[in-house]
Amino acid sequence: MPELQRLRADHAPAVLAFELANRAYFAASISDRGDEFFDQFTDRHSALLAEQEAGIGAFYVLVAEDGSVLGRFNLYRFEDGTAELGYRVAQHVAGRGVATATVREMCQLAAARHGLRTLKAATSRQNAASRKVLAKAGFVPVGPAGPADLGGKSGTWYQRNLAAG
């Protein structure tokens, strides 16, 4: 059974393998991270851990029984009880309810562990799967998301009030 785990330093090799294996799949619906992301992966991973330690973000990985990463689920830009949610799941588990179940779990963690009251997420118009995940997890559209929000694409901001359950 996959387990949602808080990001740790020893996750780095599995996270990098996940990102590399799914790069083309992700680029079809969200902006590609670019070669620089992979070239500087170790530094970026360390920076996320520092943000997490400072309490300004919370980063999670969905880990399979074999230790491979099935998905990344991140809470960032904490401000006044609100944070943004970002996520991505591996191509081989997409369409199986993994993202929806884990986003729901993230909503519970956001409230219980991180004291958040509201989560926001943006997704591009091209990313129908992500729009479905957000709707199934109780998020509602609240307005347009511009290219600056979505790495050059246009889309929609969604929001979920965590106190509503």
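Up top you'll find the structure we're talking about.
Only a predicted model underlies this, so the values are computations on that prediction, with no experimental measurement involved.

**Q** Explain the pairing of strand β2 (residues 57-63) here, please?
**A** Along any regular strand the residues' side chains alternate between the sheet's two faces. For β2, a buried count of seven out of seven residues is recorded, marking the element as mostly surrounded by other parts of the structure. With burial as the criterion, each face of β2 is covered, one bearing G57, F59, V61 and V63 and the other bearing A58, Y60 and L62. Alignment of strand β1 (residues 3-6) against β2, held across four bridges, turns out to be antiparallel. By the bridge assignment, L4 is partnered in β2 with L62. Where β2 folds back on strand β3 (residues 69-79), the antiparallel hairpin that results is connected by five residues, among which G67 adopts a positive phi of roughly 90°.

**Q** How should I be thinking about helix α6 (residues 128-136) in this particular structure?
**A** Residues that lie three or four places apart on an α-helix share one face, since the helix turns once every 3.6 residues. Considered for burial, the residues of α6 that qualify are S130, V133 and L134. Looking straight down α6, one finds its buried side chains confined to an arc of 95°; they lie on one side. In α6, the exposed positions that point more than 90 degrees away from the buried face belong to K132 and K136. In this fold, the buried residues of α6 make contact with β4 (82-89), α5 (98-112), β5 (118-124) and β7 (153-161). Following α6 by one or two positions, G138 adopts a phi angle in the positive range, close to 90°.

**Q** Whenever I open this one, the packing of aromatic side chains confuses me. Can you help?
**A** Each pair of aromatic rings is reported with the distance of its centres and the angle of its planes. For the structure shown, the criterion picks out five aromatic pairs. Here the aromatic rings of F37 and F38 are separated by 5.0 Å at their centres, their planes lie at 85°, and the arrangement is edge-to-face. Both residues of the pair, F37 and F38, belong to the buried class. Its end group placed over the ring of F37, R33 keeps NZ or CZ at 4.6 Å from the ring centre. Lying over the aromatic face of F26, R88 brings its terminal NZ or CZ to 4.4 Å of the ring centre.

Criteria and thresholds
- Every chain's residues receive numbers from 1 upward, in the order its sequence appears when written.
- pLDDT decides what is reported in this predicted model: residues at 70 or higher carry local features, side-chain atom pairs at 80 or more are listed and counted, and totals for whole chains, interfaces and linings draw on all residues regardless.
- Excluding hydrogens and water, the side-chain values take into account all heavy atoms of the structure.
- Each residue's exposure class comes from its accessible area (1.4 Å probe, protein chains only) as a fraction of the maximum for that residue type: buried when under 20%, exposed when over 50%, partly exposed otherwise.
- The numbering of helices and of strands both runs from the N terminus, where a helix is a DSSP run of H or I of at least 4 residues and a strand a run of E of at least 2.
- The rule for pairing is simple: two strands pair if DSSP sees at least two bridges between them.
- Directions are taken from the helix axis to each C-beta atom, and the arc is the one they span.
- Contacts: residue pairs with any heavy atoms within 4.5 Å of one another.
- Pairing of aromatic side chains requires ring centres within 6.5 Å, counting the rings of Phe and Tyr and the six-membered ring of Trp. Pairs whose planes differ by under 30 degrees are stacked, by over 60 edge-to-face, and all others tilted.
- Remark: a charge is flagged as sitting over a ring if the NZ atom of Lys or the CZ atom of Arg is within 6 Å of the ring centre and within 35 degrees of the ring normal.

The quantities given are spatial measurements derived from coordinates; they are silent on function.
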